[in-house]
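Observations on chain architecture
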Amino acid sequence: MSIKQTILGRLHQVNREGIHELIHFLTQESDYFTAPASVKGHGNYPHGLSIHCHNVVELLLQKNEMFHLGLSRETIYLAGYLHDLCKVNVFHPTLKLKTNQKGERECYFTYEYIDELPLGHGEKSVMIAQQYIRLTIEEIMLIRWHSGPHTICDNTYRYDQVLKLYPSVKAIYTADEEAATFLEKVKDAPTFQISVFYNWKKNGVLPKV
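Residues numbered from 1 in each chain as written. Predicted model: local features only at pLDDT ≥ 70, side-chain atom pairs only at ≥ 80, totals over all residues. Heavy atoms only, no water.

Since the α-helix packs 3.6 residues into each turn, any two residues three or four apart lie on the same face. All buried positions along helix α7 (residues 158-165) are accounted for by Y159, V162 and L163. Here the buried residues of α7 occupy an arc of 100 degrees about the axis, which is enough to place them on one side. Seen from the buried face of α7, the exposed residues on the opposite side, beyond 90 degrees, are K164 and L165. Lining the buried residues of α7 we find α6 (137-144) and α8 (168-183). (Buried < 20%, exposed > 50% of the residue type's maximum accessible area, 1.4 Å probe, protein only. Helix = DSSP H or I, 4+ residues; strand = E, 2+ residues; numbered from the N terminus. Arc of directions from axis to C-beta. Contact = heavy atoms within 4.5 Å.)

The biggest cluster of nonpolar side chains holds 45 residues, and the ones touching the most others in it are L26, Y32, L78 and L85. At the level of elements, α1 (3-12), α2 (19-29), α3 (48-66), α4 (73-82), α5 (122-129), α6, α7 and α8 are the ones that each hand at least two residues to this core. Here this core takes seven residues from α3, the largest share from any one element. In this structure, L78 is in contact with L11, V14, R16, I19, L22, H83, I133, L135, E139 and I143, ignoring residues within four places of it in sequence. Formed by nine residues, the second largest nonpolar core is a distinct cluster that contains F91, C107, Y111 and F197. (Core = buried A, V, L, I, M, F, W, Y, C linked by side-chain atoms within 4.5 Å.)

Before going further, it helps to spend a moment on the packing of aromatic side chains. Considering all chains together, one arrives at nine aromatic pairs under this definition. With centroids separated by 4.9 Å and ring planes inclined at 80 degrees, the aromatic side chains of Y32 and F33 adopt a geometry described as edge-to-face. You'll find Y32 and F33 in the same group, each marked buried. With 5.2 Å between their ring centres and 80 degrees between their planes, F109 and Y111 make a pair best called edge-to-face. The residues F109 and Y111 share a single accessibility class, namely buried. An aromatic cluster is present here, built from F91, F109, Y111 and Y113 joined pairwise through their rings. For the cation-ring pair, K4 lies above F33, with the distance from its terminal atom to the ring centre recorded as 5.3 Å. (Phe/Tyr/Trp six-rings, centres within 6.5 Å; stacked < 30°, edge-to-face > 60°. Lys NZ or Arg CZ within 6 Å of the ring centre and 35° of its normal.)

With that out of the way, let us pick up the sheet that holds strand β2 (residues 105-113). Strand order in the open sheet made by the three strands is β1-β2-β3, with antiparallel pairing throughout. Strands at the two margins of the open sheet, each flanked by one partner only, are β1 (91-99) and β3 (191-193). Across the sheet, the mean angle separating the axes of adjacent strands is 35 degrees when strand polarity is ignored. Note: β2 against β3, three bridges, orientation antiparallel. Its bridge partner being in β3, E106 is matched across the sheet by Q193. (Pairing = 2+ DSSP bridges. Axes fitted to C-alpha atoms, helices over the stretch in contact; angles between N-to-C directions.)

Next up, the structure:
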């Protein structure tokens, strides 16, 4: 079973109003299953975003059992699979030119980051998710604060306040960090002959990567 099939199968298990609309958004109206997780960092390749979210869910399932966090599978699936919704529809595949070590011109595949809905990171993910499904307060906190102490906030003490109310936030933060650090490598950008660049400029078709 592919990661996409696993994710969709788990989301179909969520018994909550709006889940089918959410799944439709993920599969038909966004690039959730094809987008990278970043341009130059972890998961900087096609499907990197869904792979990352799946890794976070798997780690969070383990932490939930190990530390007796009391999270339901529904909450883990929603928080884990939706925590980076802010990254859908913002990475646009492109080709760029460079000079290689031999002094030859070539092109390479990468992404341009264009965010037409600049609402932040975790908070943006919450806003997008709640266009389709109603989240619990704990799910909102897990998604909003999944970047842990690195979360941009006007009050640096709020992260500590959140942990007192919802210690599970620490678990999704460490799961996010562990997935990005240990499970998802940074890949070198695929390179092509200079003719591929000009063909792309002419016909608009990107090479397969």
